[in-house]
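# Observations on the three-dimensional arrangement
Take a look at the letters that make up each chain.
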Amino acid sequence: MRKVNQNMKRILKNINNKKENIIKIDLNELEKIINPNIIEVHDCVILDLENRIVKKNIDFDFILKRFGDRVGYEASRNEIRVNDYIIEGSFNSIVKLSFKIIEILKYKLKLRYPNDKFCIVFSSDKEYVTLRFYKIRENENSWLNEKDLDRYVDEAIMVYKF
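Owing to the predicted nature of the structure, the values given are computational and were not obtained by experimental measurement.

Let's shift gears to the overall build of the protein. What the protein contains, in helices and strands, is five helices and nine strands. Each helix and strand of the protein, ordered N terminal to C terminal, gives the series β-α-β-α-β-β-α-α-β-β-α-β-β-β. Here the C-alpha radius of gyration of the protein, 16 Å, is about what a compact globule of 162 residues would show, namely 15 Å. Oriented by its inertia axes, the alpha-carbon framework of the protein measures out at about 45 × 40 × 30 Å. Taken across its 162 residues, the protein has 43% of its residues classed as buried. When the accessible surface of the protein is split by element, carbon and sulfur atoms take 45% of a total near 9600 Å². The average position of the 31 basic charges and that of the 26 acidic charges among the side chains of the protein differ by 4 Å.

Here we take up the packing of aromatic side chains. When we look at a pair of aromatic rings, we describe it by the centre distance and by the angle of the planes. Counted by the stated rule, this structure contains six aromatic pairs. On the numbers, 5.7 Å between centres and 45° between planes, the contact of Phe 67 with Tyr 73 is tilted. Between the aromatic rings of Tyr 160 and Phe 162, the centroid separation amounts to 5.6 Å while the plane-to-plane angle is 40°, which identifies the pairing as tilted. One Lys or Arg, Arg 151, reaches over the ring of Tyr 152 and ends 5.5 Å from the middle of that ring.

Using the criterion set out here, one finds nine salt bridges in the structure. Across the pair Arg 81 and Glu 79 runs a salt bridge whose closest N-O atoms are separated by 3.7 Å. Looking at Glu 79, the relative accessible area reads 26%, which means it is partly exposed. One salt-bridge network, held together by shared partners, links Glu 79, Arg 81, Asp 84 and Arg 132.

What follows concerns the packing of helix 3 (residues 60–67) against helix 4 (residues 70–77). Remark: helix 3 packs on helix 4, axes separated minimally by 8 Å, with the N-to-C direction vectors making an angle of 90°. In terms of axis orientation, helix 3 runs roughly perpendicular to helix 4. Along the contact surface, helix 3 presents Phe 60, Ile 63, Leu 64 and Phe 67, while helix 4 presents Arg 70, Gly 72, Tyr 73 and Ser 76. Class assignment of the residues belonging to the contact of helix 3 with helix 4 gives a composition of five nonpolar, two polar and one charged.

Scoring rules and cut-offs
- Residue positions are given per chain, counting from 1 as you read along its sequence in written order.
- The predicted origin of the model limits local features to residues at a pLDDT of at least 70 and limits the giving and counting of side-chain atom pairs to 80 or more, whereas totals for whole chains, interfaces and linings rest on all residues.
- The basis for every side-chain value is the complete set of heavy atoms in the structure, and neither hydrogens nor water enter the calculation.
- We count a stretch as a helix when DSSP gives it H or I for four or more residues in a row; a strand needs E for two or more, and each element gets its number in order from the N terminus.
- Atoms counted for the radius of gyration: C-alpha only. Globule rule: 2.2 Å times the number of residues to the power 0.38.
- Burial here depends on accessible area, computed with a 1.4 Å probe over protein chains only, as a share of the maximum for the residue type. Under 20% is buried, over 50% is exposed, and the range in between is partly exposed.
- All accessible areas in this document rest on Shrake-Rupley with a 1.4 Å probe, and a residue is counted as covered only by the protein chains that are shown.
- Counting rule applied: Lys, Arg positive; Asp, Glu negative; His and chain ends not counted.
- Positions of charges follow a simple convention, taking NZ of Lys, CZ of Arg, CG of Asp or CD of Glu.
- Stacked, tilted and edge-to-face pairs are distinguished by plane angle, under 30 degrees for stacked and over 60 for edge-to-face with tilted covering the rest, among Phe, Tyr and Trp rings (Trp via its six-membered ring) whose centres lie within 6.5 Å.
- Any Lys NZ or Arg CZ found within 6 Å of a ring centre and within 35 degrees of that ring's normal is scored as a charge over the ring.
- Salt bridge, as applied in this entry: a Lys or Arg side-chain nitrogen positioned within 4 Å of an Asp or Glu carboxyl oxygen.
- For helices, the fitted line uses only the C-alpha atoms of the stretch in contact; every axis is such a line through C-alpha atoms, and the angle between N-to-C directions lies from 0 to 180 degrees.
- Our angle categories are set so that under 35 degrees counts as roughly parallel, over 145 as roughly antiparallel, 65 to 115 as roughly perpendicular, and the remainder as oblique.
- We call two residues in contact when some of their heavy atoms are within 4.5 Å.
- Three categories are distinguished: nonpolar for Ala, Val, Leu, Ile, Met, Phe, Trp, Tyr, Cys and Pro, charged for Asp, Glu, Lys and Arg, and polar for the others, with Gly belonging to the last.

Below is the structure:
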């Protein structure tokens, strides 16, 4: 299931009308997001791009107080700022690459956690693209207000659940 706000609809229309695909990427850095290290921490699925998380050192009580719940922790921790991996490229090219990264994340998450449902959130302020993901839990709310995505007037938002 995919939901988008009006800003995202405009971006999607724009990228489909343009043929530019030139992008310069640091392949060593890109490997981190196309083959991400994903670990479990207290029933949370966490992206560890730098391979630095030590599970036993995590104060999960503090995390729950700070983020409210597991969804909040995952959405805050599982952030990929796509522009950080780009040396040079147009906004449309970065958006197109972001959709490829979403497909890779979906594949990796479903392969490793076939019985779980996930949500990937694409957000953009017309310059930078950020991807976040979290595990969908029946007893926890969504990370953002999905019923009214248009209230996010300064960002293009897409919520993708699978």
